[in-house]
Amino acid sequence: MLEDGFLRSFGIIVIAAAAFVMAGRLVRMPAIVVYLLAGLVVGPLLGIVGMSSELQLVSETGIALLLFLVGLELSFAKIRDVGRVALLAGLGQMALTLAGGYGLARWLGLAPVEGVFLGLALAFSSTVVVVKLLDEHGQLGQLHGRIAVGILLIQDVVVIVILTFLTGLGGPENLELAGMLGGLGKAFGGMAALLALAMLAARYVLPRPFHWAARSPETLLIWAVSWCFLLVLVAHEFGLSLEVGAFLAGLSLAQLPYNEDLKRRVHPLMNLFVAIFFVSLGIRMDLGALRHEWWPALVLSVFVLIIKPLVVLVAVARLGRPQRPAFFAGLSVAQISEFSFILVPLGLQAGLIGPRVFSITGLVGVISMAASAYLIRYAEPIHAFCHRRGLLRWRWLQPPANAAGAAATPEAQPLAGHIIVIGMNTLGRKLVEQLAARGETLLAIDTDPTKLHGLPARTMLGNVEYLAVLEEAGLASAKLLITTLHIEDTNNLVAYHCRAHGVPCAVNVFDLSLADDLLDLDVAYLIAPKVEGVRAQLQTLRDLGHLEKP
Amino acid sequence: MTLFALLLITAAAAHALARLLRVPVIPVLLVAGMLLSLGGWMDKLGGAGHGHFAAQPVLEFGLAFLVFASGVELNPRRFSRHLPAVLWTGALHFVISAAIGLAVAMLLGHGWLTAIYVALGLSASSTLVVLRQLGLRRAMFEPFGRIVTGVLLVQDLAYVVLIVVLSHLPGGAASIGTGLAGTLALAVVAWVCQRHLLPWLLRRFHPDEETLLLWLFAVLSLFMGAASLLELPMIAAAFFAGFIFSAFPLNGLVRGQLNSLSQFFLAIFFVALGWRVGVPDLRVLVQALQLAVVVIVITPPLVAAVAEWRGMTARGSIEAGLLLAQTSEYSLVLALSGLALQHISFEVFSVITLTTVITMAVTPLLGTERTANWLLPFHPLRRRRQAHGAPSGHVLVLGFGSAGMWLMRPLRAAGHEVVVVDDDAVVHATLSQRGIPCIRGDGSDPATLERAGAANARVILATMRRVSDALKVLSHVKHVPVVVRVGERSDEQVVRDLGGIPVLNTDNAAEAFMQWFETAEANRPGAAKQVLPERLDRPGRSRANQDPSKP
């Protein structure tokens, strides 16, 4: 059955990805670079996997889920907060990059139309790359992450306009103006309709059914993912990109109280599909071009890596945002988009450009995506370096004086020295109450939202089988973890993570036969209700007068 | 994308419906898929006009993945203590159900080969459904839960071997031999990986969740690749690949990741399967119903008889039997591969699939404590020994468990005669050795209570695993004080309402914890991580010295 194209290529892709990820860890290579490399090796280099429509579908699913997660991370309020900055910085960056790219292309000896295409191809940044990297570093919700995402979404809107324009472009001669305008009208109308749909749904339609479904995490997951693909379908009907649909779907669920839990549940799905997306990007590359086009590719990559961040930095800072987030937002967008790989072939088909532009774009794509992965990972040191060298003192890189502190968004204080209590059954609640009475800082976790009501502690909805839950609970900085669950495997797993983080833990041994395994995991204290129950029973017998010596 | 979205949206609707009607989700997903096939417009969407089923990759990959994911849950350590019972029950259930299935299929007028497929389709139980049910009932770690888990592993293993044999059947004995040798090789590799390679990799690399996820799929793909080279069915590969991740801590580390993926694939797989089967005609439906009735009627007594013979309690055996009364997802694998090999017709394929759906749908209704209790009085071997010679004026302890020994000393020191009722053979042996009267049986069973002289006891201590059992004692025994241990505050009032004396053990547990916590804090205030190094030793040892009988 493995002769079937899809399963075979899927298998090879995941095996290659896993092997490369392990090798990549040795040299601390970002996952995205590793995936691209893996794709280059199994695709163009060895030629054992080619692109197929199923792989395309899986890649698209990954992108949709990724954007859905971005939407979940943000909310209408957070978007509005950075809307103006993102709009101006995004448009400015695109215009300048387009102009610069056009100039460079002409200098490299390309025709004017080719210059326009190359300029466009350079102007967009990759939503998927940026979001994946920001997500890995937990920066999506921070100010620079929001600005970057805002810029990327503005770009997505422009992409739709350009795509509509291009599909109306039958060839170099016959422009169908009416059809094109109709397409554009449909796209913008669709966008407005979709936005309205998402906002109305978020406020009036979704909360009740999702509240009803929330007690069954499985239903919640399936519903959320279906909602995502439903909006993707609607977006598709309006000729909009699936990114926009998925993002709005996520955004409309972001206000629900379960969005954190939902995010963690969608995450594994997204990780799998997006990994395949990146590998398939590598598979589609044309390595033969490297021999002839390495020089223009290098020049343009350096242009992308330096000019794009600079433009965004200047724009964001001049619009009154603090310099640090402006710098990080700039670094985030220093690559070209996978959309360029769609745009350029369209031009090729229409006979507007030659194959040279196609190979150059591919090379710039791989180089800039890989390099920007490093830029985002080492953003802090790069910022420190530029700061030390006085590179950031130039007046244009400073926010205007009158805007100082205007956008100081308080970030949530991370927990430290707290006690995590998992499982809000009678025992869990009792412990939370007693520990709270002692003045401890507490975080209570349960999978059931109804059990988290009325506790004198911070609460968190989540299943601790996801490591992300424990990480968000601040396990590494906690002083103690208590689990009162009646699930052997989960308790053991939690104890295992505690040992790995060096945090003492107290575990409910609801059956004494479980004690040995837990002691092997260096559990600090075993809560043994059965043993304590004996004590209580004896006390009761004494009260009943059955324990005096006859 | 449209196809994919439609599968998902159908699944979402099915989930809603299942919750509204309070029925298990799997059959609803399937029926929703069947409705999807109506009118054939889905086929147009999927571009399946050329006799090619559009969602075929979803079916194949989804099934392999589900088998893989359930393999992860089959950790052999869970039932190592009950191995003989597991082996006997698993093997006998498999063989006898297959034999009965064969007879029924022949009676229904099928030919030999088809009858074999039908018989095998009825012979195993569904790992997917049963583990889910055990998880919902939180009974995974009760003795019967452990035995059921073991039985599932045994049957899955048997199934893998059988599917290999069947798929090599056309090639004759030599081909079957090669197939089995290949399967053995896969099994050995899987065992080495589970015991040595992956634990080593885990220690060496400390993978994050994303990497682990890639490992999962890489191992699955490697095994599927190997299976394809060895010309083995993919399902064998998926099963062994799942086994590799079944040991602690790996199984725990991947569970979160697998959860989401299994839920996702489960949803689209069953919708796609329903779509593949289409709306069945009456003949198919009737045959499927007949087979389902056979499974549901035969399995519980069969499993119960074998399990009880191998030392389980009557109720545990019945519960195990009820839980196992459905056919397996492997039946679907078998049916799909039989269809592909043209061993069976599409009609038989539909019959096997429908039987599986029906029996899976019934399981959550059958496999409950209530059904087991209802069936218990029909047990033919239930000893109806008269209560003469029953003790009186004694302290009756129902459910000794692992903490019961601490009750003994103070009770006997106070001069009480103590009688214990427990269902565990080990407890029974230990107590008999020490000369403590112990009745082996179920403390909630009126007959057992009678034998233990409950009505004439001075006081009864109910410390059973489930509070519901203690409630039954309360309804049987009047005029004797019954002290019931409960773990949740909500149970406290229920016990009191029925006239019992509840003892909430969590208060004491919390108190003991707070004592420990305060001493640990007081010893080294401030230092966050070093605060609590003082290790309370295992309850079995130092706690025994720190006798709970002393207030």
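Residues numbered from 1 in each chain as written. Chains lettered and ligands numbered in written order. Predicted model: local features only at pLDDT ≥ 70, side-chain atom pairs only at ≥ 80, totals over all residues. Heavy atoms only, no water.

Here the focus is the interface of chain A and chain B. Chain A puts 113 residues into the contact, and the matching count from chain B is 110 residues. Note on chain A versus chain B: buried area summed over both sides is about 10000 Å², and carbon and sulfur give 68% of it. A per-residue breakdown of the area chain A buries against chain B is headed by Glu 218, Tyr 525 and Gln 537 of chain A, which together make up 7% of the total. With its nearest N and O atoms 3.0 Å apart, the salt bridge here joins Lys 132 of chain A to Glu 210 of chain B. At the boundary of chain A and chain B, one finds 21 residue pairs in polar contact (both at pLDDT 80 or more). (Contact = heavy atoms within 4.5 Å. Buried area = accessible area lost by both parts, 1.4 Å probe. Salt bridge = Lys/Arg side-chain N within 4 Å of Asp/Glu carboxyl O. Polar contact = N/O pair within 3.5 Å; in protein donor to acceptor, adjacent residues only side chain to side chain.)

What follows is about the sheet that holds strand 1 (residues 419–422) of chain A. Spatial ordering of the open sheet is given by 3-2-1-4-5-6 (chain A), a layout of six strands whose pairing is parallel. With one partner strand each, in any of the chains shown, strand 3 (458–461) and strand 6 (525–527) of chain A form the two edges of the open sheet. With direction set aside, neighbouring strand axes in the sheet form an average angle of 20 degrees. Two strands pair when backbone bridges link them, and strand 5 (residues 505–508) of chain A and strand 6 of chain A are joined in this way by three bridges, in the parallel orientation. What sits directly across from Val 507 of chain A, in strand 6 of chain A, is Leu 526 of chain A. Where helix 23 (residues 505–523) of chain B meets the sheet, it contacts strand 1, strand 4 (480–483), strand 5 and strand 6 of chain A, and its direction lies at approximately 165 degrees from that of strand 6 of chain A. (Pairing = 2+ DSSP bridges. Helix = DSSP H or I, 4+ residues; strand = E, 2+ residues; numbered from the N terminus. Axes fitted to C-alpha atoms, helices over the stretch in contact; angles between N-to-C directions.)

A separate point is the nonpolar core. Note that soluble globular proteins tend to have their nonpolar side chains buried in a common cluster. Judged by nonpolar contacts, the single largest core of 325 residues is most densely connected at Leu 253 and Ile 482 of chain A together with Phe 65, Phe 217, Phe 245, Phe 270 and Phe 513 of chain B. It is helix 12 (residues 250–277) of chain B that provides the largest number of residues to this core, a total of 17 residues. Not counting residues up to four positions away in its chain, the partners in contact with Phe 217 of chain B are Phe 10, Val 14 and Leu 272 of chain A together with Phe 61, Phe 65 and Leu 261 of chain B. Within the second largest apolar cluster, 55 residues are counted, among which are Leu 110, Leu 313, Phe 328 and Leu 397 of chain A. (Core = buried A, V, L, I, M, F, W, Y, C linked by side-chain atoms within 4.5 Å. Buried < 20%, exposed > 50% of the residue type's maximum accessible area, 1.4 Å probe, protein only.)

On to the environment of Leu 74 of chain A. Residue and element names in this part refer to chain A. Relative to the assigned elements, Leu 74 resides in the loop between helix 3 (53–73) and helix 4 (76–107). Spatially, the C-alpha atoms of Leu 74 and Leu 538 are 56 Å apart, while their sequence positions differ by 464 residues. What Leu 74 contacts, discounting residues up to four positions off in sequence, is Ile 79, Leu 140, Arg 146, Val 149, Phe 247, Leu 251 and Ala 254.

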